[in-house]
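As a plain string of letters, each chain reads:
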Amino acid sequence: MSTITFWSPFAGTGCTSSTLISAYAMALHYRTRVLLVNAGLAGTGTEAALPSKDTDSADFMFSFEEGGWDAIERLHSSGSLNKHNLRDYTKPLLKERLDFLTGRIDEMERCSPQEHGETVKRLLNVANEYYDLVLLDADHADVDLQLKLQQADYVVINLDQNMRNLELFFEEILPARMNNKNMHVVINKYDSHSRATLSNIRRQFRYKGTISAIPYTTGYLDAMNRRDVARYLQLESLTEDKDIRKGSFAASMSELARLIMDGAGIRTVLKRLERGA
C-alpha cells in the first residue's frame, strides 16, 4: 500500500543500515507485511548484510540462487507478473511478515534503462497490492535513483552529523528537490555528545518535519561485518519495554519504524503487536 524509499545524497551515511533496521522493526513490532527490495546486483546493498549462499547448510533460507530480480524481469517481459505469483520469487526473512526480493545475478544488462524502469514501476504496483509496505534502498549513485524517488509515497532521508553535509542538505537540496515529498530525516551513527544534536539541527535549520536518530552501535557494526544483521535485530527487538533506555539502539529502532509508518499513513496504534504475538 505504501512504497518507502531510503535515500541519502551523500555516501557512507548509513542508508542501507537504516533500511534493514526499519524493515525488521516494522515486521517484528507491527501486524504488517513488508517487502524489502534489492533492485541492484545480488550481494550488494541490503543483501550484503545478510548471510550469503555460501553457508554450510544446504537448505539455508537465505540461499539466493533462485528467483529474485532476474525472475521478476522474466515475468514482466512475459506479462505474467501479478500479486499472486510475486511472493513465489522472494525469500522469507520473517515468516508471513518480511520477504526479500534479491538482486539480479547476471551482471550484464539484459534490458535498456527504460525497460528496467518499466519493470520497477510494474513491480511496485503489483507489490503494493499484496504488501502493506515496500522498502527500497536507493544508493546515492543509482542510475534509477530519480525513478525510485518519484515512485515513493514516503522518503527517508539518511544523514550523519557532518555539519557540511547538513548545511548542504537543509539549505540547498531540501528546498530544491524534496519540498513536495512526504519525508522523515534519520541521523545515523548518532553521537549524543556531539554539538550536532537533534534539537540543535532543528533549531539551526528551522526544520519542522520529523527527525530521529540511530546511535552508533559497535554490536550492530560487527553484525553487519559478520552478515548477521538478521539475528542481531531480532534479539534487539526482544528487549522488554521496561528495560529499553531512551536513546538506545532498541528504542531508536522502534521509534524509526513508528515514525515512518505513521508518516506513510499506516495507523501504528492499531497494528502494534503485543509481546509474544
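Shown above is the structure to which this text applies.
My aim in this report is to walk through the structure given alongside it, one point at a time. Since the model is a prediction, treat every value here as computed from it, not as a measurement.

Now for the overall build of the chain. If you tally the helices and strands in the chain, you get 10 helices and 8 strands. Expressed as a percentage of its 277 residues, the buried residues of the chain come to 51%. Entry remark: accessible area of the chain is about 13700 Å², with carbon and sulfur atoms responsible for 47%.

It is worth spelling out the packing of helix α8 (residues 229-237) against helix α9 (residues 249-263) at this point. Each pair of packed helices gets described by two things: the angle between the helix axes and the distance between those axes. Look at α8 against α9: their axes get within 9 Å of each other, and the N-to-C directions meet at 95 degrees. Viewed along their axes, α8 and α9 adopt a mutual orientation that is roughly perpendicular. Facing Y232, L233, E236 and S237 of α8, the residues of α9 in contact are F249, A250 and M253. Among the residues forming the contact of α8 with α9, the class breakdown is 5 nonpolar, 1 polar and 1 charged.

This part takes up the nonpolar core. Counting residues in each nonpolar core, the largest one holds 40 residues, and the members touching the most others are I4, Y24, L98, L135 and L233. With 9 residues, the single largest contributor to this core is helix α1 (residues 15-29). Other than its neighbours up to four places away in sequence, L233 contacts L20, I21, Y24, L28, Y220, F249 and M253. One finds L166, I173, V185 and Y207 within the second-largest nonpolar core, a separate group that totals 25 residues.

Hydrogen bonds between backbone groups are what pair the strands of a sheet, and the pairing can be parallel or antiparallel. A sheet is described by the order of its strands in space; here 8 strands give the open sequence β3-β4-β2-β5-β1-β6-β7-β8, paired in mixed fashion. Of all strands in the sheet, those with a lone pairing partner are β3 (91-94) and β8 (210-215), marking the two edges. Taking each pair of neighbouring strands and ignoring which way they run, the sheet shows an average axis angle of 25 degrees. Alignment of strand β7 (residues 183-190) against β8, held across 5 bridges, turns out to be parallel. Looking at the pairing, I187 lines up with A213 of β8. In the packing of α9 onto the sheet, the strands contacted are β1 (2-7), β5 (133-138), β6 (154-159), β7 and β8, and the crossing angle to β8 comes to about 150 degrees.

Cut-offs used in this document
Residues numbered from 1 in each chain as written. Predicted model: local features only at pLDDT ≥ 70, side-chain atom pairs only at ≥ 80, totals over all residues. Heavy atoms only, no water. Helix = DSSP H or I, 4+ residues; strand = E, 2+ residues; numbered from the N terminus. Buried < 20%, exposed > 50% of the residue type's maximum accessible area, 1.4 Å probe, protein only. Areas by Shrake-Rupley, 256 points an atom, 1.4 Å probe, with all protein chains shown as cover. Axes fitted to C-alpha atoms, helices over the stretch in contact; angles between N-to-C directions. Parallel < 35°, antiparallel > 145°, perpendicular 65-115°, else oblique. Contact = heavy atoms within 4.5 Å. Nonpolar A, V, L, I, M, F, W, Y, C, P; charged D, E, K, R; others polar. Core = buried A, V, L, I, M, F, W, Y, C linked by side-chain atoms within 4.5 Å. Pairing = 2+ DSSP bridges.

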